[in-house]
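Structural description and commentary
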Amino acid sequence: MKAMKKVLAFVLAAVMTVSLVGCGEISYDDITGDWTTKTVNDKSVEEYAKALGTTVEMAATNMQITDDDKLVVTNAATSANYVYERKSNGIEVKEEGKDDILFSMVYDSDAKTFSYQMDLGDGQMLTIVMEKGKVDFTASGAAVQ
């Protein structure tokens, strides 16, 4: 019985060790680079822009994620700098020098996309999915590069 307890303890320890290895943070290779809006509330950027009565350039957002934990968000009207912290399933975005999380982005390794939610403040939530690429805000038609 004593030997059985030792074997069981060893097996449980091995399982816990293996499970911890699988819980590591996502790699910089997965997340760094240029990202752009793919969908907003399950609509393509083109469909979302049309529903708003605006252009793709005004509806899309670019994000540049660097391996030094910096994130730059750009749209046709503005640009803002943030920092981020990698988590096992994505990143948490914060203002530089502040601890408050502005939003969390979840990385889908199968689809190779990021998704996050944005509260517009009037009870309306947007679910935004980002894909690798970059929209040229100066180009007519805003092609993804």
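The preceding data block contains the structure.
Residues numbered from 1 in each chain as written. Predicted model: local features only at pLDDT ≥ 70, side-chain atom pairs only at ≥ 80, totals over all residues. Heavy atoms only, no water.

Details of the nonpolar core
Core analysis: the biggest nonpolar cluster contains 28 residues, and Met 63, Leu 71, Ile 91, Met 105 and Phe 114 have the highest contact counts within it. Sequence-distant contacts of Phe 114, that is, excluding residues within four places in its chain, are made with Ile 31, Trp 35, Ile 65, Gly 90, Ile 91, Met 105, Val 106, Tyr 107, Ile 128, Val 129 and Met 130. (Core = buried A, V, L, I, M, F, W, Y, C linked by side-chain atoms within 4.5 Å. Buried < 20%, exposed > 50% of the residue type's maximum accessible area, 1.4 Å probe, protein only. Contact = heavy atoms within 4.5 Å.)

Quick notes on the packing of aromatic side chains
Evaluation of the coordinates by the stated rule reveals four aromatic pairs. Taking 4.9 Å as the distance between ring centres and 65° as the angle between the ring planes, the aromatic pair formed by Trp 35 and Phe 114 counts as edge-to-face. One end of the pair, Trp 35, is in strand E1 (residues 33–40); the other, Phe 114, is in strand E8 (residues 113–119), and 79 residues separate them in sequence. For the residue pair Trp 35 and Phe 114, the accessibility class agrees, reading buried in each case. Among the aromatic residues, those joined into a ring-pair cluster are Trp 35, Tyr 107 and Phe 114. The aromatic ring of Tyr 28 is capped on one face by Arg 86, whose charged end is 3.8 Å from the ring centroid. (Phe/Tyr/Trp six-rings, centres within 6.5 Å; stacked < 30°, edge-to-face > 60°. Helix = DSSP H or I, 4+ residues; strand = E, 2+ residues; numbered from the N terminus. Lys NZ or Arg CZ within 6 Å of the ring centre and 35° of its normal.)

Notes on the pairing of E1
Inspection of the sheet shows E1 paired to strand E3 (residues 62–65) by four bridges, in the antiparallel sense. Pairing of Trp 35 across the sheet is with Met 63, part of E3. Here E1 pairs with strand E9 (residues 125–132) via five bridges, running antiparallel. The partner of Val 40 across the bridge, within E9, is Ile 128. Counting the residues in the hairpin turn of E1 and strand E2 (residues 43–44) gives two residues, including Asn 41, whose phi is positive at 50°. (Pairing = 2+ DSSP bridges.)

Read these as layout, nothing more, since geometry by itself doesn't imply function.
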